[in-house]
Amino acid sequence: MDLRLRGFAPEAVWSVSSAVDQIVPLFFEGELAVPGLRSTIHGGYKAQNGMDTPYTTLFTQDASSVVKGYLGKKPARVVFLLDDHSPVSPKLLALRAAGRALFVGEGPVTDALTVDTQDVPLGEKLTAIVRTSETVLPVGLDEELPARVDLKAPDAAFARALALSRQKSKPKGTTASVQPEVLWRPDNTYKETPYPSRELRLLAAVRLWNVVQLFFPYTHLMDVDWSQQLPLLLKRFEAARDAKEYALEVAKASTDLRDGHVSISGHPAYQEFWGGSWAPFDGRDIEGKVVVAEILDAELAQGLSVGDIIEKVDGEPLEDRLRRFASFKQNSTEASTRLLNINMALAGPQGPQGAEATFTVRNEKGVREVKVKRASHVSREGRAHEPFKLLEGDISYVNLAQLEPGEVAEVMKKAQGTRAIVFDLRGYPRGTTSVLAPYLNVKGAKTEARFEVPLVAGSALVNGRAVLMQDVPTADVPVYRGRTVTLIDAGAMSAAETMGLMLEATCGTTFVGSPTAGVDGNMTYTSLPGGIWMSFTGMDTRHADGSQLQRKGLTPHVAVHPTLAGLRAGRDEVLERALQLLEEPVKPAATAGPATRPAQRP
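Thresholds, definitions, all that
Residues numbered from 1 in each chain as written. Predicted model: local features only at pLDDT ≥ 70, side-chain atom pairs only at ≥ 80, totals over all residues. Heavy atoms only, no water. Pairing = 2+ DSSP bridges. Helix = DSSP H or I, 4+ residues; strand = E, 2+ residues; numbered from the N terminus. Axes fitted to C-alpha atoms, helices over the stretch in contact; angles between N-to-C directions. Buried < 20%, exposed > 50% of the residue type's maximum accessible area, 1.4 Å probe, protein only. Parallel < 35°, antiparallel > 145°, perpendicular 65-115°, else oblique. Left-handed = near helix turned anticlockwise from the far one by under 90°. Contact = heavy atoms within 4.5 Å. Nonpolar A, V, L, I, M, F, W, Y, C, P; charged D, E, K, R; others polar. Core = buried A, V, L, I, M, F, W, Y, C linked by side-chain atoms within 4.5 Å. Arc of directions from axis to C-beta. Polar contact = N/O pair within 3.5 Å; in protein donor to acceptor, adjacent residues only side chain to side chain. Phe/Tyr/Trp six-rings, centres within 6.5 Å; stacked < 30°, edge-to-face > 60°.

Draft legend 1. Region of interest: the sheet that holds strand β25 (residues 532-537). Ordered in space as β10-β25-β24, the 3 strands form an open sheet in which the pairing is antiparallel. The strands lining the two open edges of the sheet, one partner per strand, are β10 (263-265) and β24 (523-528). Each strand axis lies, on average, 20° off the axis of its neighbour in the sheet, ignoring direction. In terms of strand pairing, β10 meets β25 through 3 bridges, oriented antiparallel. Among the inter-strand pairings, Ile-264 is bridged to a residue of β25, identified as Met-534.

Draft legend 2. Structural detail: the environment of Ala-569. Among the secondary structure elements, Ala-569 is positioned in the loop between α13 (564-568) and α14 (573-583). Look at Ala-569 and you get exposed, because its relative accessible area is 54%. Once the C-alpha coordinates of Ala-569 and Asp-314 are considered, the two residues, 255 residues apart in sequence, prove to be 28 Å apart.

Draft legend 3. Geometry of the packing of helix α10 (residues 408-415) against helix α11 (residues 433-440). Closest axis-to-axis distance for the α10/α11 pair is 10 Å, and the angle between their directions is 30°. Considered as vectors, α10 and α11 are oriented roughly parallel to each other. For the pair α10 and α11, the sense of crossing is right-handed. In contact with Val-408, Ala-409 and Met-412 of α10, α11 contributes Val-435, Leu-436, Tyr-439 and Leu-440. Across the contact of α10 with α11, the residue classes break down as 7 nonpolar, no polar and no charged.

Draft legend 4. Representation of the nonpolar core. Phe-237, Trp-274, Ile-310, Leu-346, Phe-359 and Phe-536 are the most contacted members of the largest nonpolar core, which totals 57 residues. If one sorts the elements of this core by residue count, helix α4 (residues 198-215) sits on top with 7 residues. In this structure, Leu-346 is in contact with Ala-279, Phe-281, Gly-283, Ile-310, Val-313, Leu-318, Phe-359 and Arg-374, ignoring residues within four places of it in sequence. Among the nonpolar cores identified, the runner-up in size contains 50 residues, and Leu-391, Ala-492, Met-502 and Val-512 belong to it.

Draft legend 5. Region of the structure containing helix α3 (residues 156-165). Turning to α3, its buried residues number three or more, namely Ala-157, Ala-161 and Leu-164. Seen end-on, α3 carries its buried residues on one side only, within an arc spanning 60°. Its buried side turned inward, α3 meets β5 (79-82), β6 (102-106) and β9 (143-145).

Draft legend 6. Representation of unusual backbone geometry. Despite not being glycine, Asp-314 shows a phi value in the positive range, around 50°. The exposure class of Asp-314 is partly exposed, given its relative accessible area of 40%.

Draft legend 7. Region of the structure containing the side chain of Thr-135. Of note, Thr-135 is situated in the loop between β8 (126-131) and β9. At 2.8 Å, the side chain of Thr-135 forms a polar contact with the side chain of Asp-111. Among the polar contacts made by the side chain of Thr-135, one reaches the main-chain carbonyl oxygen of Leu-137 at a distance of 2.9 Å. Non-local contacts of Thr-135, meaning those with residues more than four positions away in its chain, are made with Leu-37, Pro-90, Leu-93, Asp-111, Thr-114, Val-115 and Gln-179.

Draft legend 8. Quick peek at the packing of aromatic side chains. Inspection of the entire model under this criterion finds 12 aromatic pairs. Relative to Phe-215, the ring of Tyr-45 lies with its centre 5.1 Å away and its plane at 45°, an arrangement referred to as tilted. Of this pair, Tyr-45 sits in the loop between β2 (38-43) and β3 (56-61) while Phe-215 sits in helix α4; the two residues are 170 residues apart in sequence, bridging distant segments of the chain. Each member of the pair, Tyr-45 together with Phe-215, is buried. Consider the rings of Phe-216 and Tyr-218, whose centres lie 5.8 Å apart with planes at 75°: the pair is edge-to-face.

Draft legend 9. Broad picture of the environment of Val-66. Tracing the backbone shows Val-66 in strand β4 (residues 65-68). Look at Val-66 and you get exposed, because its relative accessible area is 52%. Separated by 32 residues in sequence, Val-66 and Val-34 have C-alpha atoms that sit 6.0 Å apart. Beyond its immediate chain neighbours, meaning those up to four positions away, Val-66 contacts Glu-31 and Leu-32.

Draft legend 10. Fine view of the packing of helix α8 (residues 318-326) against helix α9 (residues 334-346). Interaxial distance between α8 and α9 falls to 9 Å at its minimum, and their mutual angle equals 115°. With respect to α9, the element α8 is oriented roughly perpendicular. Once α8 is placed against α9, the crossing between them reads as right-handed. Contacts between α8 and α9 involve Leu-318, Glu-319, Arg-321, Leu-322, Phe-325 and Ala-326 from the first element and Arg-338, Asn-341, Ile-342, Met-344, Ala-345 and Leu-346 from the second.

Draft legend 11. Summary view of α8. By the burial criterion, the buried members of α8 are Leu-318, Arg-321, Leu-322 and Phe-325. Down the axis of α8, the buried set is contained in an arc of 100°. They therefore lie on one face. Buried residues in α8 make contact with α7 (268-274), β12 (289-295), β13 (309-313), β14 (316-317) and α9.

Draft legend 12. Structural context of the sheet that holds strand β23 (residues 510-513). Ordered in space as β17-β18-β19-β22-β23-β27, the 6 strands form an open sheet in which the pairing is mixed. At either margin of the open sheet sits one strand with a lone partner, and together these are β17 (388-391) and β27 (558-559).

This is how it looks when you write it as structure tokens:
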């Protein structure tokens, strides 16, 4: 059987493939088991750094089929003559494995025309054909002869196939085993080459584009059409002239995701660019100005006061620094981007504990320069631990950034008899969402959030989603039935927003403040040549009704923005407005009508 197709029109391949599979039953009696193709299926993007995430990679195989042979006299042997254009189907491989056929190759032979592939446009009229499945039985040749340069030359491969067909002994069948088990390994980071070769820089562009295209769940919310970005990434990464330029091109490309979970690390250029020592105070945008909002380490921040306006950092205008950082780091919303970049702009080069920094600041008395100490690590851990307070007017105050899971029962016992609870969500909660939910589920909600995980199956080219509904936990605890108000701002992100979704679903809390960061869903990591690590959000988190959260955040029912005068006076204007709201009568529930937050789909 001569299946060589070099020199034939491409459409002839498929005609021959169909014809061969139809005549295979003529060559044997009984039944022939034909293993199906196998491929990968990804439930999200498995983190390359070994991080424990809900995302996984599986290996699947299509169910094997059974081909029944015809009864009657059969040839003693069948020899298939193949070349690199031959369609080597799973039926042919099964026939050889069963000892019913021999393969003679004129040059190398593969299963490339049998497996599933996907076309990826590269620009410049180039297209990459990517394999997405493989045969279970490997392709093996009983004889291989060199491919002829001139097809009119003597046909040695045909002569050898004819000789094999005349032998009296029957084929013994293949001794090759099925393809080996899959061993998942992380991608090579090539960390030994901070300035990767041209080929590795192109690999970085392809890997970054591919991971985002298939596994970033928010491509439908991006400001660019990511499906068309690969040619541009290839050009930019190839044109990078040194290690720093290459690393910053990667960072610049990551800004297109507009995802607050994106972080870039691992390359020495990032340490130099972003620094490693942090200001001993918390900077915030108040009325369009960068202001000292909280002193985190009084000893290091001597000379600064809450309410000071930062105008320069180490002699450079602060707004210039912010614009520079914004070129390489974008969060999900404008407000959360500015908040992040403020803290980055206040940082400086990594150095010994107490590295000096100079801030030019302004207050009511004028402009002055203040020299303070930066530190490699600054946190709010030194604050007094006070997750619960009883406020005037019989109102409970619960600080969700301090409340520990083991404290929930006692705190809710204290709050049970009060007429209202103010939850402060202006920070990162400590894993209390599921513990707190049963105490607040006055609405009897079944679902608190919806998660959509990218589902990518190679062989079927399925790019879909697995939908997971986050159930509200149940417990035999007293349910709080008073009013609730929740304080939010752009500093509330990720787990804080999941907490907000729970509060929304269970007790219909009233949000007061400004929109949250708009970034939620478990993170994952990919790696790129040059030792670069990039994190991003791996699942699409939505409100329980399916509406959008990413790039919007939790929206306040009552908008409140702190003022400079209020900050300098030591007032918490967001909390004040929440308490004022609790003094107002409850508005009657709106009659049934159109949903205020229509479900959105990619």
